[in-house]
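Observations on chain architecture
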Amino acid sequence: MTIEEIQNEIIDEFSMFDDWEERYQYMIDLGKTLPLIDDNYKTEDHIIKGCQSKVWVHAEMNEDKVAFTADSDAIITKGIIAILIRVFSNQHPKDIIEANTDFIDKIGLKDHLSPTRANGLVSMIKQLKMYAIAYQTQLN
């Protein structure tokens, strides 16, 4: 699936819920399906700066596609990074770099996060795109 197709799938999934309490529960459930980062990568080098909670992300290149793993010490944050990894993992670096993240606004996520969590969300997206830029540079 393309990044846009995955994003549209997430928009559809979030539209099935009537209120934000149900959406938060869904995000928590998504966090439980997160491809967990190996404990060896739970280091300061892999922490996303700018997040209120601790979020670790690791990326590897497999056959010209970036595969992400992650973890967080907070359940909502774990759900947020799970959504982002679902969108961006196993995609070509160029597609990740060029990807639009409007789907976050369409599901209303930013509007329902505290300012510090919203800043953390932006930091997560930046970090995933930075990994993609680094891998794209290796491909050029």
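We now turn to the structure provided with this report. (Residues numbered from 1 in each chain as written. Predicted model: local features only at pLDDT ≥ 70, side-chain atom pairs only at ≥ 80, totals over all residues. Heavy atoms only, no water.)

**Section: the overall build of the protein**
In terms of regular secondary structure, the protein is built from six helices and two strands. The C-alpha radius of gyration of the protein comes to 14 Å, within 12% of the 14 Å expected for a compact globule of 140 residues. With the C-alpha coordinates of the protein rotated into their principal frame, the extents come out at 45 × 30 × 25 Å. The buried share among the 140 residues of the protein stands at 48%. Across the protein, contacts joining residues at least 24 apart in sequence account for 65% of those joining residues at least 6 apart. Considering the protein, the positive charge centre built from 14 side chains and the negative charge centre built from 24 side chains are found 5 Å apart. (Helix = DSSP H or I, 4+ residues; strand = E, 2+ residues; numbered from the N terminus. Rg over C-alpha atoms; globule rule 2.2 N^0.38 Å. Buried < 20%, exposed > 50% of the residue type's maximum accessible area, 1.4 Å probe, protein only. Contact = heavy atoms within 4.5 Å. Lys, Arg positive; Asp, Glu negative; His and termini not counted. Charge placed at Lys NZ, Arg CZ, Asp CG, Glu CD.)

**Things to note about the pairing of strand S1 (residues 55-62)**
Every regular strand shows the same layout, with side chains that alternate between the two sheet faces. With eight bridges connecting them, S1 and strand S2 (residues 65-72) associate as antiparallel partners. Of the residues in S2, the one forming a bridge with Val57 is Ala70. What sits between the antiparallel neighbours S1 and S2 is a turn of two residues, in which Glu63 has the positive phi angle 50 degrees. (Pairing = 2+ DSSP bridges.)

**A closer look at the packing of aromatic side chains**
Tallying each qualifying case throughout the model produces five aromatic pairs. When the centroid spacing of 6.3 Å and the interplanar angle of 45 degrees are considered together, the rings of Phe14 and Trp20 count as tilted. Relative to Tyr26, the ring of Phe14 lies with its centre 5.6 Å away and its plane at 75 degrees, an arrangement referred to as edge-to-face. Taken together, the residues span a long stretch of sequence, with Phe14 in helix H1 (residues 3-15) and Tyr26 in helix H2 (residues 20-31) at a distance of 12 residues. No difference in accessibility class separates Phe14 from Tyr26, as the two residues are buried. Sitting over the face of the ring of Trp56, Lys42 holds its NZ or CZ atom 5.1 Å from the ring centroid. (Phe/Tyr/Trp six-rings, centres within 6.5 Å; stacked < 30°, edge-to-face > 60°. Lys NZ or Arg CZ within 6 Å of the ring centre and 35° of its normal.)

**Regarding helix H6 (residues 115-139)**
An α-helix turns once per 3.6 residues; consequently, residues spaced three or four apart project the same way. In this model H6 runs 36 Å from its N-terminal to its C-terminal C-alpha over 25 residues, within 8% of the 36 Å that 1.5 Å per residue would give. By the burial criterion, the buried members of H6 are Ala118, Gly120, Leu121, Ser123, Met124, Ile125, Leu128, Lys129, Tyr131, Ala132, Tyr135 and Gln136. (Expected span 1.5 Å × (residues − 1).)

**Quick word on unusual backbone geometry**
In the Ramachandran plot, Glu63 falls in the positive-phi region, its phi being about 50 degrees despite a non-glycine side chain. Summarising the element assignment, Glu63 is placed in the loop between S1 and S2. Positive phi values are uncommon outside glycine, yet Asp64 reaches one of about 65 degrees. With respect to the element layout, Asp64 can be found in the loop between S1 and S2.

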